[in-house]
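So the chains spell out like this:
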Amino acid sequence: MTFSLRMETALLSSAKLIPSTNAVLSHPIGSLSLHPSSPLLSSRKSSGSASPLTVKASSPSASTSAAVTESQGIKIKSDPSKPIDGQKTGTSGLRKKVKVFMQENYLGNWIQALFNSLPPEDFKNGLLVLGGDGRYFNREAAQIIIKIAAGNGVRKILVGKEGIMSTPAVSAVIRKRKANGGFIMSASHNPGGPDYDWGIKFNCSSGQPASESITDKIYGNTLSITEIRMADIPDVDLSSIGVTQYGNFSVEVVDPVSDYLELMENVFDFSLIRSLLSRSEFRFIFDAMHAVTGAYAKPIFMDKLGAHPDSISNGVPLEDFGRGHPDPNLTYAKDLVNIMFSDTGPDFGAASDGDGDRNMILGQGFFVTPSDSVAVIAANAQESIPYFCSGPKGLARSMPTSGALDRVAQKLNLPFFEVPTGWKFFGNLMDAGKLSICGEESFGTGSDHIREKDGIWAVLAWLSIMAYRNKDKRPGEKLVSVSDVVKEHWATYGRNFFSRYDYEECESEGANKMVEYLRDLVSKSKPGDKYGSYVLQFADDFTYTDPVDGSVASKQGVRFVFSDGSRIIFRLSVSQR
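Everything numeric in this text was worked out from a predicted model, so none of it was measured. (Residues numbered from 1 in each chain as written. Predicted model: local features only at pLDDT ≥ 70, side-chain atom pairs only at ≥ 80, totals over all residues. Heavy atoms only, no water.)

1. Considerations on the sheet that holds strand 3 (residues 74-80)
Then comes step 1: Read from one edge to the other, the open sheet built from three strands follows the order 2-3-9, with strand pairing classed as antiparallel. The strands lining the two open edges of the sheet, one partner per strand, are strand 2 (67-71) and strand 9 (227-231). Taken pair by pair, the neighbouring strands of this sheet meet at an average axis angle of 30 degrees, ignoring direction.
Then comes step 2: Seen against the sheet, helix 3 (residues 138-151) touches strand 3 and strand 9 and runs at an angle of roughly 95 degrees to strand 9. (Pairing = 2+ DSSP bridges. Helix = DSSP H or I, 4+ residues; strand = E, 2+ residues; numbered from the N terminus. Axes fitted to C-alpha atoms, helices over the stretch in contact; angles between N-to-C directions. Contact = heavy atoms within 4.5 Å.)

2. Notes on the side chain of Asp-372
Then comes step 1: On the secondary structure map, Asp-372 appears in helix 10 (residues 370-384).
Then comes step 2: Comment: no salt bridge for buried Asp-372; closest opposite-charge side chain is Arg-495, at 5.0 Å.
Then comes step 3: Each residue touching Asp-372, except ones within four places of it in the same chain, is listed here: Ala-404 and Trp-490. (Buried < 20%, exposed > 50% of the residue type's maximum accessible area, 1.4 Å probe, protein only. Lys, Arg positive; Asp, Glu negative; His and termini not counted. Salt bridge = Lys/Arg side-chain N within 4 Å of Asp/Glu carboxyl O.)

3. A look at unusual backbone geometry
Then comes step 1: The backbone phi angle of Ser-188 is positive, close to 55 degrees, even though this residue is not glycine.
Then comes step 2: Among the structural elements, Ser-188 can be located in the loop between strand 7 (181-185) and strand 8 (197-203).

4. Digging into the packing of aromatic side chains
Then comes step 1: Within this structure, the stated rule accounts for 20 aromatic pairs.
Then comes step 2: Both rings, one in Phe-115 and one in Phe-123, keep their centres 5.0 Å apart while their planes meet at 65 degrees; by these two values the pair is edge-to-face.
Then comes step 3: Using a relative accessible area of 5% as the deciding quantity, one classes Phe-123 as buried.
Then comes step 4: Centroid distance Tyr-387 to Phe-388: 5.0 Å. Interplanar angle 90 degrees. Geometry classified as edge-to-face.
Then comes step 5: What makes Tyr-387 partly exposed here is its relative accessible area of 35%.
Then comes step 6: According to the relative accessible area criterion, Phe-388 is buried, its value standing at 2%.
Then comes step 7: Grouping aromatic residues by their ring pairs yields a cluster made of Tyr-531, Tyr-534, Phe-560, Phe-562 and Phe-570.
Then comes step 8: In this arrangement the basic side chain of Lys-471 is found over the ring face of Tyr-468, its NZ or CZ atom lying 5.0 Å from the centre.
Then comes step 9: Sitting over the face of the ring of Trp-490, Arg-495 holds its NZ or CZ atom 3.7 Å from the ring centroid. (Phe/Tyr/Trp six-rings, centres within 6.5 Å; stacked < 30°, edge-to-face > 60°. Lys NZ or Arg CZ within 6 Å of the ring centre and 35° of its normal.)

5. Some thoughts on the packing of helix 10 against helix 11 (residues 404-412)
Relative orientation and spacing of two packed helices are given, respectively, by the angle between their axes and the distance between those axes.
Then comes step 1: Contact geometry of helix 10 with helix 11 gives a least axis separation of 8 Å together with a crossing angle of 20 degrees. The angle between the axes of helix 10 and helix 11 places the two elements in the roughly parallel class. Crossing geometry of helix 10 relative to helix 11 is assigned as right-handed. In contact with Ser-371, Asp-372, Val-374, Ala-375, Ala-378 and Ala-379 of helix 10, helix 11 contributes Ala-404, Leu-405, Val-408 and Leu-412.
Then comes step 2: Partitioning the contact of helix 10 with helix 11 into residue classes produces eight nonpolar, one polar and one charged. (Parallel < 35°, antiparallel > 145°, perpendicular 65-115°, else oblique. Left-handed = near helix turned anticlockwise from the far one by under 90°. Nonpolar A, V, L, I, M, F, W, Y, C, P; charged D, E, K, R; others polar.)

Have a look at this one:
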């Protein structure tokens, strides 16, 4: 379990600008890993030397018997099973160590419980999408999911080549292909490999993560499961694009990039971005962190936008992310940070995470906080991004995110929403036409083009802003920099200072006891209490009532809010374990 502390203070004006702090850095990258000409390697390998994998994740032991029926022209086995502890879904799906998911029936139970939780009309004879970040165990898990889906009456599975498809791309494909939903095999920004993490989540027909009402049903069904329905079919070859047919059930392997790329070309002015990346005096670097966006970097940044091949770093997806931690922040993307803070650093740098939904933005010697990033995008969207030519419908942030976006909404007279952590809370607002641009302080930024946060979208949004600001600059003329854009934003809207402290791998019992202590402190607090020079305005445990469907989410983080707008937030991250 991860425990996070957020602290924020605000300035109403920003006449005195404080430059970004340079972090303690390691040695720079010695060489840049280039993505091959194809979006995917023909054979992805771990950078380690893991032994061959044998999994009984959903097949019965030899002593059990399975009932066999026939459906869709294929044999269906009903394999006996029983409940397994620890399958409660968090804010971003079910995440555990790989070895937990490798237990017999562990993954199979959860997938079957999902089908048991959905109305039959939501998947019977329907289309589901399957993708993942390329991490260890995805290959084996994909086969399990495909067979259980067929066993429960799904007519077709659309899966990315090699099982790869970024989280934003899965959402985009669900929406474009009008699918009934989709599975995402990922533990997001968590490390991968035999000794590390794996995860699974389900997105609905809108492309957004399943609601708490669905995930609660899934958990309930894992507690009473008695069988897993699986199609008796061979493993499907996911290495080649094409269709494999078994009776009336089919699996189509697709290019994981094409639908997403088409959407990006409809959102952004690629010719404008290309005019920036083609300038000899503008240097760009993107760190894919050996994660899923390595499959997207070359087709988008190089082939479509003209970026130099050396601009793609760590661009080959690996099952263990090159033994790295694919979390785009100052700690885990330190090689990129080192490059950007060097005396000869590029003008613009960016990174994305394991499944491609998070991002980090850097200028030469300058770090853009996630809270500032979404605020800058929102403030510049209408003039820089064709998709927002009529202006954003509304803005929203997660509760722990700084109030920088609030200032933009107020100045532009836009509807504004503060929601709990979890992208599904933004989805309802988007579907109701109330929200266009949103973000979380955990390096997540996005818009209503899909129903997930989107790392590459955020990078393209920033490149669009930089390109628009520099479109009239003559060759040799000094370009507007990332720091120029952010400092101008502070001067216009004011600046919110924000710090986040994460305490990882905490024991649940101790973390929960501390939060209970904080809740007790909240119950005894009253307006006017002094905390040093700060005067308390209110303290609470954040509760959110959805303005669209009226649903209530309680205990979403302990808040201490002060009279000058400063805040201290405490929150447990249940998505981590």
